[in-house]
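Architecture at a glance
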Amino acid sequence: IRRELRRGRGWIVVDAALLFETGIDALCDRVAYVHVPRAERIRRIRKRGWAPGELARRERLQRPPAYKRSKADFVIDNAVSRSRTRSQARKVFDELRKLVR
């Protein structure tokens, strides 16, 4: 959420896997990190039919999960059920909404 948006003009949400690597996090007032353990990421990419090594290639371009977690204002665990993930996301949304009031 950009500071100037707190004045009731709306929100901007950025979905960026390379948020920290590109420096876009400096433009954000709050950051939510969505965490999925590596084993679950591997399971999911296999279902998508990614080429072998694609996950490793992408991970080499990104900061480690521990770094992202340490820099985030909110952490959402996306290794649980969809309803629990939605519930966590809703809590983050509610907290952000309090900031713009």
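Refer to the structure printed above.
Residues numbered from 1 in each chain as written. Predicted model: local features only at pLDDT ≥ 70, side-chain atom pairs only at ≥ 80, totals over all residues. Heavy atoms only, no water.

1. With respect to the pattern of salt bridges
Side chains that carry opposite charge are capable of pairing whenever their charged atoms lie near each other. In total, this model carries 8 salt bridges according to the counting rule given. With a closest N to O distance of 2.9 Å, Arg44 and Glu40 form a salt bridge. Note that Arg44 and Glu40 are positioned in helix α2 (residues 38-48) at a spacing of 4 residues, about one turn of the helix. Put simply, Asp94 and Arg97 hold a salt bridge, and the shortest N to O gap is 3.0 Å. Residue Asp94 and its partner Arg97 are both found in helix α5 (residues 82-100); the two are separated by 3 residues, about one turn of the helix. (Salt bridge = Lys/Arg side-chain N within 4 Å of Asp/Glu carboxyl O. Helix = DSSP H or I, 4+ residues; strand = E, 2+ residues; numbered from the N terminus.)

2. As for the packing of aromatic side chains
Taken as a whole and assessed by the stated rule, the structure comprises 1 aromatic pair. Here the aromatic rings of Phe20 and Tyr67 are separated by 5.7 Å at their centres, their planes lie at 90°, and the arrangement is edge-to-face. Taken together, the residues Phe20 in helix α1 (residues 19-22) and Tyr67 in helix α4 (residues 65-71) connect sequence positions 47 residues apart. Of the residues examined, Phe20 reaches a relative accessible area of 11% and is grouped as buried. One Lys or Arg, Arg58, reaches over the ring of Trp50 and ends 4.1 Å from the middle of that ring. Stacked on the ring of Tyr67, the Lys or Arg Arg63 has its end atom at 4.4 Å from the ring centre. (Phe/Tyr/Trp six-rings, centres within 6.5 Å; stacked < 30°, edge-to-face > 60°. Buried < 20%, exposed > 50% of the residue type's maximum accessible area, 1.4 Å probe, protein only. Lys NZ or Arg CZ within 6 Å of the ring centre and 35° of its normal.)

3. Observations concerning the nonpolar core
Core analysis: the largest hydrophobic core is formed by 6 residues, namely Leu19, Phe20, Cys28, Val31, Tyr33 and Ala72. Discounting chain neighbours no more than four positions away, the residues touching Leu19 are Val14, Ile24, Asp25, Cys28 and Val31. (Core = buried A, V, L, I, M, F, W, Y, C linked by side-chain atoms within 4.5 Å. Contact = heavy atoms within 4.5 Å.)

On their own, these measurements won't tell you what the molecule is for.
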